[in-house]
Amino acid sequence: MRLSANWKLILSTTCRAFLVPEARGVSFSVPSEQQQFGQKQPDQNRALLLAFGYPVVEEFLARRVRAAQISSIARLTPFTVLANLVNAIVVAPVFTEFLPVPYVAVWVIAVAGLMCFTIAKWIAARNNPVELASRRALGKAVRHATILSSLWAVVPIVAFASGNVYAIWVSSCIATAMICAGGFALATVPQAAFRWIAILFSASVISLLVGQTAFMWQLLLLLTSYSILVVASVTATGWLFASHFLAEAELKQRGELIALLMNEFEEKASDWIWETDSAGNFRNVSERFLHASGRSSVELKAMRMVDLAYSLNQSDAREVVRQLQKNFSLQKSFREFVIGVDVNGDERWWSLAARPTYDDHGSFAGYRGVASDVTETRRANALVAHMAEHDSLTGIGNRSWFLNQAELLRKTQISSGQKTLTLFLVDLDNFKVVNDTSGHPAGDELLKQVAKRFTAVGEGRITLARFGGDEFAALGHFVSDQAAGAFAEELVNVARKPFTIGNRDFAIGATVGFTRFGEVNDTVDDLMRKADIALYKAKESGRGRALSFEAEMELEVRERRELESDLREAFENGKLSVEFQPIVDTRSGKVVSSEVLVRWVHPTRGEVPPNTFIPIAEQAGLILPLGSWVLKRACTAASQCPDLESVAVNLSSVQFMDPNLVDSVASVLEETGFPAERLVLEITESVFLRDLGSASEKLQKLRNLGIKISLDDFGTGYSSLSYLRQYKFDKIKIDKSFVDEIGERSDGLAIISAVIALAHNLGLEVTAEGVERQFQVDALKTLGCDTLQGYFFGKPDANPRNITRIENKDWLDAGEAASPDQPGISKEAL
């Protein structure tokens, strides 16, 4: 017991016992600091309070404790009665020497009468043992101790008052003995013991003070120390008594609970108990065990657990039989040991836990254990493991499983010294179109069919997996680059064939990049990186093809990444700039508009063309902030140049796909104060290929703001005319490739003439870009083109005011110097 931790509780409880022995109606709370010692400490505190009669347990248990306390005192009744009578016999003759005999006789009769009463109660209790006691019974014990101790308290007071040396000596011995003996006899009821000690101690102190002996203070010190020691011993004894009783009660309660649970377990639980004898044969077979095994009691008692484990004819089940036999032979405990059992032709799996049992002589008597059917859990775990390694849609392996397989094959390749391992990465072409036009169910069905075709093509040759989306990967052994390339072409060809989904046929395609294991130091990540580079280059060169990795590709990719890093740094540090290229009205010859061009001068590479860094910006995720910055710079500069009727800004397809495009443009116009009517946004038909659903709605919202929309690079795509009919534009721009053919091919002028006539009939303004010679200007003016753009009219300038100062004579003079043999500089070169 931690007395140091409970001193406050002990002192307060002890003091209360002196003042309020019966603790009737007294509430008591355990100090909060006691809680730091965990569960055990509060139980000890409860035992202490229970010993002093506090209601800290349920009433039934408290009544049992009180009965036990009283019974413990009652067991000593014959001895206490005898001791009291002997003491009375010793005291009576001594006191008759200085006291009247009647007084002594009355005292003796009182003591004897109380002893007779005590013996009578003791005899009654023996005939009818007390099992439950109320608080009133404890109160009676306290009152009995009070009366008896008061009778004995008279002895030292009278002896010291008389001054009779012999009487003083006898009374001192009796008082000291009574304090100690009575305290210990009443220790199981601390309240009664404390009342006994308090009265006798008080009487002894009064006697010393009355007698005024020579060593009074020394005797008082000894008396006090003995009394304190007795009080402490009584407290500890009562505490231990109550603790022991609580522990027994708790053990009994737990035993009853365990018995109840065992009965419940046998009747309702899915588990069952099994026992064997020393030979391993079953005994005490329960109904639950019979039902689980599918066998009769006679059959089971003739079998061993090993026999049951051997009944299932499966490799997994047979492998554990030997280990089970070993466990039994070692006669040691085991748990969570899974065996397979044939139950009426059904495959079942049991989990066993058991420990050896021994007879009274310590000899091995068999096993006792618990078994549970874990078949469903095992199946569920197998399903989870399969799902963790396989793609839920197609049923083939997933990325995690594929990478693990790749690592195993790579290690095998290294140990064998071969270099045949080949890794393929496959991307489906135009898969997004199927999802967008026919919905995700059609896309899912398409992926399933693709997985089946790839599996059929590569059966026995490759390990196939789906990485997610429309990405697949394969791993196989091929003796040469040609063999690997031929297989990659098979994948491409099988993906070209139409896929039938419902009543529709879909034609997609596949692009493949692959690499072969070459260097011993190559990791799976290295192979993945190289195959990915080859896939990227294959896409870049036209899709629908297979391409093997080459070292030069990695250099290109590394250079592209470096350029991306430099571009990001240039954008963040304000190293990019914008310039305005003039657009001239063919009728007045004045500059009426301009196109905004982005410029990047690299510190080591020099000027980087937009058609080089814009695609990099799109892939790096920079195009949205870059586009917003360009638009803001253009609107800010153009707002200070009222002579320009409009300013044209290009939108990439990635920008157009941004769902916040309209809000972003409106925000820039509001921030810069630039009129929406002066802004022209140029888009190409690639926008419609990537954003089928919302293109028309976005265009209309932009036009509702007052912004004009121009279709750039008209004539270079496959569906330009259909876009003119499907979407509303304000302008179209004839691509430079048609302007370059003026004077070289007769059909060039015919196409331009037809485009201009068509646009005018649709109410659209026409701009020709890439104009660099005088005869091109003359031809386009003759054909009725509205505005012209090109280096012929002047170089782009960072200040839009400078381009508005260009006059008609400036570009006419420049035109006279130009000739068909001396081409100008194109916009892309600027």
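So, a few notes on the structure that sits alongside this text. (Residues numbered from 1 in each chain as written. Predicted model: local features only at pLDDT ≥ 70, side-chain atom pairs only at ≥ 80, totals over all residues. Heavy atoms only, no water.)

## Quick word on the overall build of the protein chain
Counted only if it meets this: Secondary structure follows DSSP: runs of H or I at least 4 residues long count as helices, runs of E at least 2 residues long count as strands, and numbering of each begins at the N terminus. Burial classification: accessible surface area is computed with a 1.4 Å probe over protein chains only, and a residue below 20% of its type maximum counts as buried, one above 50% as exposed, and the rest as partly exposed. Note on contacts: a residue pair is in contact if any heavy atoms of the two residues lie within 4.5 Å. For every accessible area listed, the method is Shrake-Rupley and the probe measures 1.4 Å; residues are considered covered only by the protein chains on display.
Summing up its helical and strand segments, the protein chain has 32 helices and 21 strands in all. For the protein chain, with 830 residues in total, the buried portion stands at 45%. Taking contacts inside the protein chain between residues at least 6 apart in sequence as the whole, the part at least 24 apart equals 66%. Accessible surface, the protein chain as shown: approximately 42,300 Å² in total, 55% of it carbon and sulfur.

## Thoughts on the pairing of strand S1 (residues 272-276)
Heads up, the condition is: Any two strands with at least two DSSP bridges between them are considered paired.
By the criterion of burial, S1 is predominantly enclosed, with five of the five residues buried. Taking every second residue as pointing to the same face, both faces of S1 are buried, with Trp272, Trp274 and Thr276 on one and Ile273 and Glu275 on the other. Pairing geometry for S1 and strand S5 (residues 364-373), over four bridges, is antiparallel. Bridged to tryptophan 272 within S5 is alanine 371. In terms of strand pairing, S1 meets strand S2 (residues 282-283) through two bridges, oriented antiparallel. Bridge pairing in S2 places threonine 276 opposite phenylalanine 282. Between S1 and the antiparallel strand that follows it, S2, lie five residues; glycine 280 among them carries a positive phi value of about 95 degrees.

## Digging into the sheet that holds strand S12 (residues 546-548)
Let me state the cut-off plainly: Here the axes come from fitting lines to C-alpha atoms, over the contacting stretch only for helices, and the angles between their N-to-C directions go from 0 to 180 degrees.
An order of S7-S8-S6-S11-S12 is seen for the five strands of this open sheet, with the pairing classed as mixed. One side of each edge strand has no neighbouring strand; the edge strands of this open sheet are strand S7 (462-468) and S12. Mean inter-strand twist for the sheet, computed between neighbouring axes without regard to direction, equals 20 degrees. Its contacts with the sheet put helix H18 (residues 481-496) on strand S6 (421-429), S7, strand S11 (509-516) and S12, and the angle it makes with S11 is roughly 165 degrees.

## Focus: the pattern of salt bridges
Between side chains of opposite charge, a pair can form as their charged atoms come close. For clarity, the cut-off: Criterion for a salt bridge: a side-chain nitrogen of Lys or Arg within 4 Å of a carboxyl oxygen of Asp or Glu.
The tally for this structure, following the rule as stated, stands at 32 salt bridges. Measuring nitrogen to oxygen at the nearest pair gives 3.4 Å for the salt bridge that ties arginine 379 to glutamate 376. Note that arginine 379 and glutamate 376 are positioned in helix H14 (residues 375-389) at a spacing of three residues, about one turn of the helix. Connected through salt bridges with shared partners, the residues Asp346, Arg348, Asp373, Glu376 and Arg379 form a single ionic network.

## Focus: the packing of helix H29 (residues 746-761) against helix H30 (residues 774-783)
Where we set the bar: Angle categories are assigned with fixed cut-offs, so that under 35 degrees is roughly parallel, over 145 is roughly antiparallel, 65 to 115 is roughly perpendicular, and the rest are oblique. We call a crossing left-handed when the near helix sits turned anticlockwise from the far one by less than a right angle, and right-handed when that turn is clockwise.
Taken N-terminus to C-terminus, the directions of H29 and H30 make an angle of 40 degrees; their axes are 10 Å apart at the nearest point. Compared by their axis directions, H29 and H30 come out oblique. Of the two possible hands of crossing, H29 and H30 adopt the one that is right-handed. On the side of H29, the interface is formed by Leu749, Ile752, Ser753 and Ile756, while H30 contributes Ala779, Leu780 and Leu783.

## What to know about the environment of glutamine 413
Using the following cut-off: N or O atoms closer than or at 3.5 Å make up a polar contact, with two conditions inside protein: a donor-capable atom paired with an acceptor-capable one, and, for residues adjacent in sequence, both atoms drawn from side chains.
The topology assignment puts glutamine 413 in helix H15 (residues 399-416). The spatial distance from the C-alpha of glutamine 413 to the C-alpha of phenylalanine 517 is 8.6 Å, given a sequence separation of 104 residues. Residues within four places of glutamine 413 in sequence aside, it is in contact with Gln418, Lys419, Thr420, Leu421, His477 and Phe517. Among the polar contacts made by the side chain of glutamine 413, one reaches the main-chain amide nitrogen of leucine 421 at a distance of 2.5 Å.

## A word on helix H22 (residues 623-638)
Here is the rule we go by: One less than the residue count of a helix, multiplied by 1.5 Å, gives the span that helix is expected to have. An arc is given here, and it is the one of the directions from the helix axis to the C-beta atoms.
Relative to the 22 Å expected for 16 residues at 1.5 Å per residue, H22 spans 22 Å between its end C-alpha atoms, a close match to the ideal helical length. Of the positions making up H22, those classed as buried are Ile623, Leu626, Gly627, Val630, Leu631, Ala634, Cys635 and Ala638. Summarising the axial view, the buried residues of H22 lie within an arc of 160 degrees, below the 170-degree limit, and thus occupy one face.

## Here we look at the side chain of lysine 733
Positionally, lysine 733 belongs in strand S19 (residues 731-734). Judged by its relative accessible area of 2%, lysine 733 is buried.

## Details of unusual backbone geometry
Positive phi values are uncommon outside glycine, yet asparagine 344 reaches one of about 55 degrees. Within the secondary structure, asparagine 344 sits in the loop between strand S3 (334-343) and strand S4 (346-358). In this structure, aspartate 713 takes a positive phi of about 55 degrees despite not being glycine. You can see aspartate 713 is positioned in strand S18 (residues 708-714). Among the residues examined, aspartate 713 registers a relative accessible area of 26% and is labelled partly exposed.

## Overview of the nonpolar core
Note the threshold: Buried Ala, Val, Leu, Ile, Met, Phe, Trp, Tyr and Cys residues that are joined via side-chain atoms within 4.5 Å together make up what is termed a nonpolar core.
Membership of the largest hydrophobic core comes to 75 residues, with the highest contact counts inside it found for Leu679, Ile683, Phe688, Ile707, Phe729, Ile732 and Val771. For this core, the element with the highest residue contribution is H22, accounting for seven residues. Setting aside chain neighbours within four positions, we find isoleucine 707 in contact with Val665, Leu669, Ala676, Leu679, Leu681, Leu702 and Asp730.

## A look at the packing of aromatic side chains
This is how the line gets drawn: Any pair of Phe, Tyr and Trp rings, taking the six-membered ring for Trp, is counted once the centres come within 6.5 Å. Such a pair is stacked with planes under 30 degrees apart, edge-to-face with planes over 60 apart, and tilted for the rest. Both a distance and an angle decide whether a charge sits over a ring: NZ of Lys or CZ of Arg must be within 6 Å of the ring centre and within 35 degrees of the ring normal.
Per the counting criterion, the structure on display carries 23 aromatic pairs. Here phenylalanine 364 and tyrosine 367 contribute two aromatic rings whose centre-to-centre distance is 5.7 Å and whose plane-to-plane angle is 75 degrees, an arrangement assigned as edge-to-face. Residue classification places tyrosine 367 among the buried positions, given a relative accessible area of 2%. Seen from the ring of tyrosine 310, arginine 318 lies directly overhead, with NZ or CZ sitting 3.9 Å from the centre. Residue placement shows arginine 399 over the ring face of phenylalanine 467; its charged tip is 4.6 Å from the ring centre.

## Side note on the sheet that holds S5
Read from one edge to the other, the open sheet built from five strands follows the order S2-S1-S5-S4-S3, with strand pairing classed as antiparallel. Every other strand in the sheet has two partners, leaving S2 and S3 as the edge strands with one partner each. One ladder, built from eight bridges, connects S3 with S4; its direction is antiparallel. From the neighbouring strand, phenylalanine 337 faces S4, where its bridge partner is leucine 352. This element, helix H13 (residues 315-330), spans S1, S3, S4 and S5 of the sheet and lies at about 130 degrees to S3. Against the sheet, H14 makes contact with S3, S4 and S5, and its axis sits at roughly 120 degrees relative to S4, the strand it touches most.

## Thoughts on the pairing of S6
Of all nine residues that make up S6, nine are buried, and the element is covered over most of its length. In S6, alternate side chains face the same way, and those of Leu421, Leu423, Leu425, Asp427 and Asp429 on one face and Thr422, Phe424, Val426 and Leu428 on the other are all buried. Note: S6 against S11, eight bridges, orientation antiparallel. Bridge assignment links threonine 422 to a residue of S11, and that residue is arginine 516.

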